[in-house]
Amino acid sequence: MGGDRKEGYLPLFETKEAKGRLAYRMFVISMFVGVCLIWVYRVTHVPAGGIRRWAWYGMFGAELWFGFYWILTQLVRWRPVYRYTFKERLSQRYEDYLPAVDIFVCTADPTMEPPMLVINTVLSLIAYDYPSDKLAVYLSDDGGSDLTFYALLEASHFAKHWIPFCKKFKVDPRSPAAYFSRASETHDSHYIEALSTVKKLYEEMECRIESVVKMGKVSEEIGAKHKGFSEWNSVLNSRNHQAILQILIDGRDPNALDNEGRALPTLVYLAREKRPQHHHNFKAGSLNALIRVSSEISNGPIILIVDCDMYSNNAETVRDALCFFMDEDKGHQIGFVQYPQKFENITKNDIYSNSFSVLLKVEFSGFDGYGGPPYIGTGCFFRRESLCGKKYGKDYKADWKQGLKTEGKETVEDLEQRAKGFASCGYELGTQWGKEMGLMYGTLVEDVTTSVAIHSKGWKSTYFDPPRDAFLGLAPTTLLQSLVQHKRWVEGHLHLFFSQHCPFIRGHGKIKFPLKMAYCIYNLWAINSIPTLYYVVIPPLCLLHGIALFPEITSPWFKPFLYVIIARYTCSLGEFLWFGETVKAWLNYERIWLFRRTSAYLFGTIDAALNLLGIAKSAFTITEKVADDELSKRYEKEIMEFGTTSLMFTTLATLAMINLLCLCGAMKRVVMDDGVGAVGPLMLQFALCGLLVMINIPVYEGLFLRKDKGRMPPSLTFTSSALAVLACVIIIPMH
């Protein structure tokens, strides 16, 4: 085995700093000077009195926040690092000692997360390019559905054909649905014959599963074929049932073989016990039950957590992750390795800006330069010890021999019965689970909270974005889904910041100060809603009434504003183009950035405040993974989807109407009353209002022009128009 570092040692991974940092840092300094000059202007040019003075104070407050938050975002751009692995060195040194890996897949609702979607993810993971006797895949079904169990049972039979096919022909991706949709038939006849056979088996399995899902229940005939179905005789509903645990493939069994006689990975179904009187702690509770149950069955020292819609797109992902954990020099302190969350259903220009391309490629690499990125809920490999509360010490050294599966004397039935106790409602009472062990409880962002806890125990994390994407999932396909998802995130992050899990509290003495500040980029996401809302409403209303809030175009103070605006947007566009995005994708990003801040972030802030005051409780929402045909067609054509009433849509439409009315009213006053000379003091307000109107073109189309089901409902059109008129008349009195 590898042992301690010796002379001539070759690392399993290397780290490189981004190029061009000096030029970028000079740009940041120039931007900071421009921001400071804007602050100086606000302080030295306060108007004499009246409504303009109060509007001026608000502008200063908003610009103070924007400047501070911009500084936070520059911290992670100051010294980004990029990682590269050497898998061939891993194989040369450790092939016989590779650790066991436990893979956790979570699902919660068979309607919103269809069983076929779930098992395609499971099949992609169970077929990793890794020794099968060292793999164990666990499906946590928080919906407690016999439909999901049936689908997994079918997948366990199909795996006997799918795994050898994947390994024999080195296919990628190893999700059957994804692979068959792009499989080439230009190979030799042997491959074509094997492909035809395995594809037919898959289609037959899919037909059986879809038939059962359509009926909504498992027939008695099917139920009689496996003992596991008898468990559902005691299930009252998805929130009231005993623990259901079934080992569908027992990796200890020498007879658990694929159709070519090789060992199969372990495959386990778990629906933890749920009772109405016990809070189940959402996904965090589900994962903690999996951690405990897996420790009794396979006990792999490495744990991979994946969402049910994030299938494996790279068969060598496990080996990449192990290059970090098993590096003899720098691997001991790594607690988890985070892969980016990528999506396969992103439109050409990413209409809802779901890809997070800049965030993942720039900001997470910046996190990595200060001690590591946060865990983001999926696509993350953990050292089991770091996830179970162990503190890192300089004398720590991993024993990779632990967790290797051996042939056990205990029967499957006895093992299932014993492991069920770890998934019971009462197991965690009086323990440190959810506090110091496992996934953390108490917030909507259990993932980031958990990473803070792990970092605070001395562990570091690593971000790795391989040339071939490791995982691919499904992004929201409607604007409302995207906004609701972000609302949950920002609410959870803000709640985390004001809780005992705040990086400045929990991470004291362990987390570096720059990393604490980096966490604040997301912890304080929600606060951006207030200054953004002010900037979107007050300058246009003041424009309507001829109240100037910016320097005249002929004033020297106009230059800092102009420079900061141009530099900020040029830099943002440059980042997008550098990473292969289109100009239209950047425009969509800027639009959705505004929509999120004035709707999802606003309501997330309100809900977080109510939660912190004890007035209301937060609710965990699942993002739906299915869409009807008409909606899908509009999404592919990049037509923005509204189609329903929502407070967030009412807010967006009202703000859009305010800016349209203000721009039209101001232009009328210039043309008919004041003349072109009145434009000078109001130039930046005209530009801002005009820009906001352009950004909101899809909203105006939804309000007035579209006739399809994705348009804004007529009631919402009336409500938002009325509210906008009232705002124009009441908020800023006539000057």
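Structure: above.
Computed from a predicted model, the values in this text were never measured in an experiment.

Chemist: How do you make sense of the overall build of the protein when you look at a structure like this?
Modeler: Scanning the protein from N- to C-terminus turns up 25 helices and 13 strands. Taken over the C-alpha trace, the protein has a radius of gyration of 28 Å; the compact-globule value for 735 residues is 27 Å, and the two agree within 12%. Principal axes of the C-alpha set define a box for the protein whose edges measure 90 × 65 × 60 Å. Counting only contacts in the protein whose residues sit at least 6 apart along the sequence, the fraction spanning at least 24 positions is 83%. Total accessible area on the protein stands at roughly 30,900 Å², and carbon and sulfur atoms take up 59% of it. Across the protein, 80 positive and 76 negative side-chain charges occur, with their mean positions spaced 6 Å apart.

Chemist: I'm lost on the nonpolar core in this one. Help?
Modeler: Most often, soluble globular proteins keep nonpolar side chains buried together rather than apart. Core analysis: the largest hydrophobic core is formed by 113 residues, its most contacted members being W162, F381 and F471. At 13 residues, helix α5 (residues 146-169) tops the list of elements feeding residues into this core. Among the nonpolar cores identified, the runner-up in size contains 103 residues, and I38, W525, F642 and A666 belong to it.

Chemist: Looking at this structure, how should I read unusual backbone geometry?
Modeler: Apart from glycine, the bulk of residues carry a negative phi angle, and the bulk of peptide bonds sit in the trans form. Residues D172 and P173 are joined by a peptide bond in cis, for which omega reads 0°. As for its placement among the helices and strands, P173 is situated in the loop between α5 and α6 (176-180). At N299, a residue that is not glycine, the phi angle is positive and equals roughly 55°. With respect to the helices and strands, the residue N299 is situated in the loop between α9 (282-297) and β7 (302-307). Residue N299 is classed as partly exposed on the basis of its relative accessible area, which comes to 26%. Although it is not a glycine, S353 adopts a positive phi angle of roughly 50°.

Chemist: I'm lost on the packing of aromatic side chains in this one. Help?
Modeler: In this description, a pair of aromatic rings is defined by centroid distance and the angle of the planes. Summed over all chains, the structure comprises 52 aromatic pairs. With a centroid separation of 5.3 Å and an interplanar angle of 40°, the aromatic rings of F149 and W232 are classed as tilted. You can see F149 sitting in helix α5 and its partner W232 sitting in the loop between α8 (220-223) and β5 (244-249), a full 83 residues away along the chain. The exposure class of F149 is buried, given its relative accessible area of 0%. Residue W232 is classed as buried on the basis of its relative accessible area of 12%. With 5.3 Å between their ring centres and 50° between their planes, F165 and F169 make a pair best called tilted. Within this pair, F165 and its partner F169 are both found in helix α5, separated by four residues, close to a single helical turn.

Chemist: Could you clarify how one ought to interpret the sheet that holds strand β13 (residues 471-473) in this entry?
Modeler: Hydrogen bonds along the backbone pair up the strands of a sheet, which may run parallel or antiparallel. Strand order in this open sheet of three strands is β8-β13-β10, and the pairing throughout is mixed. Either end of the sheet is taken by a strand with one partner, and the two such strands are β8 (311-312) and β10 (342-343). Pairing of β8 with β13, which is carried by two bridges, proceeds in the antiparallel orientation. Each bridged residue has a counterpart across the sheet, and for S312 the counterpart in β13 is F471.

Chemist: Help me out: how do you make sense of the packing of helix α19 (residues 558-578) against helix α20 (residues 583-612) in this one?
Modeler: For any two helices packed against each other, one specifies the crossing angle of their axes together with the interaxial distance. Packing of α19 against α20 brings their axes to within 9 Å, and their N-to-C directions diverge by 125°. What the angle tells us is that α19 and α20 run oblique. Helix-helix and strand crossings are classified by hand; for α19 and α20 the assignment is right-handed. Residue-level inspection shows R568, Y569, S572, L573, F576 and L577 of α19 in contact with α20, the latter providing V583, A585, W586, Y589, E590 and W593. Along the lines of polarity and charge, the residues of the contact of α19 with α20 split into nine nonpolar, one polar and two charged.

Chemist: Just checking my understanding: could you explain helix α24 (residues 697-705) for this structure?
Modeler: Residues P698, V699, Y700, G702 and L703 constitute the buried set of α24. Contact partners of the buried residues in α24: α20, α22 (647-674), α23 (683-695) and α25 (714-730).

Chemist: Is there a simple way to think about the pairing of strand β11 (residues 380-383) in this case?
Modeler: The side chains of a regular strand alternate, residue by residue, between the two faces of the sheet. Alternating residues of β11 divide into C380 and F382 and F381 and R383, and every residue in both groups is buried. Alignment of β7 against β11, held across four bridges, turns out to be antiparallel. Across the sheet, residue L304 finds its bridge partner in β11, namely F381. In this sheet, β11 lies alongside strand β9 (residues 334-338) in antiparallel orientation, the contact comprising three bridges. Bridge pairing links Q338 to C380 in β11.

Chemist: Quick question: what am I supposed to make of the pattern of salt bridges here?
Modeler: A side chain with one charge can pair with a side chain of the opposite charge if their charged atoms come near. Scanning the entire structure with this criterion turns up 35 salt bridges. Residue E14 is joined to K16 by a salt bridge in which the shortest nitrogen-to-oxygen separation is 3.8 Å. Looking at E14, the relative accessible area reads 29%, which means it is partly exposed. Judged by relative accessible area, which is 42%, K16 ranks as partly exposed.

Chemist: How should the environment of M112 be read in this particular structure?
Modeler: Mapped onto the secondary structure, M112 falls in the loop between β3 (101-107) and α4 (115-126). For M112 and K214, which are 102 residues apart along the polypeptide, the C-alpha to C-alpha distance reads 14 Å.

Chemist: Got a minute to help me understand the sheet that holds β5 in this structure?
Modeler: Strand order across the open sheet formed by eight strands is β5-β6-β4-β3-β7-β11-β9-β12, with mixed pairing between neighbours. Each end of this open sheet is capped by a strand with a single partner; those strands are β5 and β12 (460-463). In this sheet, adjacent strand axes meet at a mean angle of 20° when their direction is disregarded. As judged from the seven bridges shared by β3 and strand β4 (residues 135-141), these two strands associate in the parallel manner. Across the sheet, residue F104 finds its bridge partner in β4, namely Y138. Against the sheet, helix α10 (residues 317-325) contacts β3, β7, β9, β11 and β12, and its axis sits at roughly 150° relative to β9. Contacting β9 and β12, helix α11 (residues 357-368) crosses the sheet at an angle of about 155° to β12.

Chemist: Could you clarify how one ought to interpret the side chain of T532 in this entry?
Modeler: Residue placement: T532 occurs in helix α18 (residues 529-544). Those residues in contact with T532, other than ones at most four positions away along the chain, are F66, L594, R597 and T598.

Rules of the game
Residues numbered from 1 in each chain as written. Predicted model: local features only at pLDDT ≥ 70, side-chain atom pairs only at ≥ 80, totals over all residues. Heavy atoms only, no water. Helix = DSSP H or I, 4+ residues; strand = E, 2+ residues; numbered from the N terminus. Rg over C-alpha atoms; globule rule 2.2 N^0.38 Å. Contact = heavy atoms within 4.5 Å. Areas by Shrake-Rupley, 256 points an atom, 1.4 Å probe, with all protein chains shown as cover. Lys, Arg positive; Asp, Glu negative; His and termini not counted. Charge placed at Lys NZ, Arg CZ, Asp CG, Glu CD. Core = buried A, V, L, I, M, F, W, Y, C linked by side-chain atoms within 4.5 Å. Buried < 20%, exposed > 50% of the residue type's maximum accessible area, 1.4 Å probe, protein only. Phe/Tyr/Trp six-rings, centres within 6.5 Å; stacked < 30°, edge-to-face > 60°. Pairing = 2+ DSSP bridges. Axes fitted to C-alpha atoms, helices over the stretch in contact; angles between N-to-C directions. Parallel < 35°, antiparallel > 145°, perpendicular 65-115°, else oblique. Left-handed = near helix turned anticlockwise from the far one by under 90°. Nonpolar A, V, L, I, M, F, W, Y, C, P; charged D, E, K, R; others polar. Salt bridge = Lys/Arg side-chain N within 4 Å of Asp/Glu carboxyl O.

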